[in-house]
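For reference, the chains in residue letters:
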Amino acid sequence: MEIFLDTANLDEIKRWLEYGLVDGVTTNPTIMLKDGAYHMSARAREIAALVQPRPVSVEVTTNDRREMVMQGRQIASWAPNIVVKIPVINEQGEPCLGVVRELEASGVHVNMTACLSYGQAILAAKAGASYVSIFAGRVADDGHDAPGLIREVAEWLRLWGSPAKIIAASVREAVNIKDAAAAGAHIVTVPPPFLEKFVDHRYSRETVRGFNEDAARALAQMEELQAIAVRADRRSGGQASR
Ligand code: E4P
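Residues numbered from 1 in each chain as written. Predicted model: local features only at pLDDT ≥ 70, side-chain atom pairs only at ≥ 80, totals over all residues. Heavy atoms only, no water.

A word on the overall build of the chain. In terms of regular secondary structure, the chain is built from 11 helices and eight strands. Against the compact-globule benchmark of 18 Å for 242 residues, the chain has a radius of gyration of 26 Å, which places it well outside the compact range. Counting only C-alpha atoms, the chain reaches 95 × 40 × 30 Å along its principal axes. Residue burial in the chain is summarised as follows: out of 242 residues, 44% are buried. Of the contacts made within the chain by residues no fewer than 6 positions apart, 58% connect residues no fewer than 24 positions apart. Summed over all atoms, the accessible surface of the chain reaches about 13500 Å², with 54% contributed by carbon and sulfur. (Helix = DSSP H or I, 4+ residues; strand = E, 2+ residues; numbered from the N terminus. Rg over C-alpha atoms; globule rule 2.2 N^0.38 Å. Buried < 20%, exposed > 50% of the residue type's maximum accessible area, 1.4 Å probe, protein only. Contact = heavy atoms within 4.5 Å. Areas by Shrake-Rupley, 256 points an atom, 1.4 Å probe, with all protein chains shown as cover.)

Structure (structure tokens):
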């Protein structure tokens, strides 16, 4: 399973890249705003350069579907590894599936975003989206079974040989990462604080502390034994070490 970072924070991206853990990055206008990236195109370019050749999702910011195609082409021109995020429907509920078909046909990879149901996810895949983002946290907020939805969509993709990859998004708790993985998501996009929680464990810290303390005790014992041996040697006038 791949791990994407759901962030526009450059320091966090650098840090997790150093650990070898980043397979891609996802953003949206809310994440950009939260991370102080008011100049979205500049930050998107910076992220793309930092993580290339890994994919970076950047979202269109319009309800108009013709405008989405134009924005999508422009966004994709910023860097070769940019994937364009298109919402499955706009604010008026109009399907944006034709936008996916048009962009993918012209070589622009699309991440169909804000999918909250089985129907939306499989139609996104059928329209040719490279990635289908299932907003697991929002599905759960809405009272539905997010891992169950991911599992059903993953099964459908497998059954029909669809190349689309599921991105489990909208992570709300560290356990969502495990749930998404077990349900068959190809990718989980994770805000960095949840990865932090995922790697930490207070008992691991205690365990390591115990080993380090015992290593220090063993060293002290060894030094004491060596000192005794040196003293014995001196007393015997060097006979002991001959
Ligand atoms: C990622 O691609 C999504 O935009 C993001 O995970 C949405 O998260 P939210 O539901 O917390 O806004």
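Let's pick the thread back up.
Mapped onto the fold, Pro-163 is located in the loop between helix H8 (146–159) and strand S7 (165–169). Look at Pro-163 and you get exposed, because its relative accessible area is 75%. Taking the C-alpha atoms as reference, Pro-163 lies 8.9 Å from Ala-129; in sequence the two are 34 residues apart.

Residues spaced three or four apart along an α-helix face the same direction, because each turn holds 3.6 residues. For helix H1 (residues 10–18), the set of buried residues is Leu-10, Ile-13 and Trp-16. Buried residues of H1, seen end-on, are gathered within an arc of 135 degrees and therefore sit on one face of the element. Exposed positions of H1 whose direction lies more than 90 degrees from the buried face are Asp-11 and Glu-18. In this structure, the buried residues of H1 make contact with strand S1 (2–6), strand S2 (24–26), helix H3 (40–51) and helix H10 (192–199). You can read the cap of H1 off the contacts: a side-chain oxygen lies 2.9 Å from the backbone nitrogen of Asp-11, and it is on Asn-9. Once H1 ends, the next one or two residues include Gly-20, with phi positive near 75 degrees. (Arc of directions from axis to C-beta. Polar contact = N/O pair within 3.5 Å; in protein donor to acceptor, adjacent residues only side chain to side chain.)

On to the pairing of S7. Taking burial as the measure, the five residues of S7 include four buried ones, the bulk of the element. Here strand S6 (residues 131–135) runs beside S7; their pairing, made up of five bridges, is parallel. Residue pairing across strands places Val-132 opposite Ile-166, the latter belonging to S7. Note: S7 against strand S8 (residues 187–190), two bridges, orientation parallel. Counterpart to Ala-168 in the pairing with S8 is Val-188. (Pairing = 2+ DSSP bridges.)

A few words on the layout of surface pockets. Put simply, the largest pocket is a space of about 760 Å³. Lining the largest pocket are 37 residues, and of these Asn-28, Thr-30, Ile-31, Phe-135 and Arg-138 lie nearest its centre. Every element with two or more residues in the lining of the largest pocket is listed here: helix H2 (29–34), strand S4 (82–87), strand S5 (110–115), S6 and H10. Class assignment of the residues belonging to the lining of the largest pocket gives a composition of 14 nonpolar, 15 polar and eight charged. (1 Å grid on protein atoms, 1.4 Å probe; cavity = no way out; pocket = protein on both sides within 12 Å on 5 of 7 lines; lining within 4 Å. Points joined across faces, edges and corners; volume = space filled by probe spheres on them. Nonpolar A, V, L, I, M, F, W, Y, C, P; charged D, E, K, R; others polar.)

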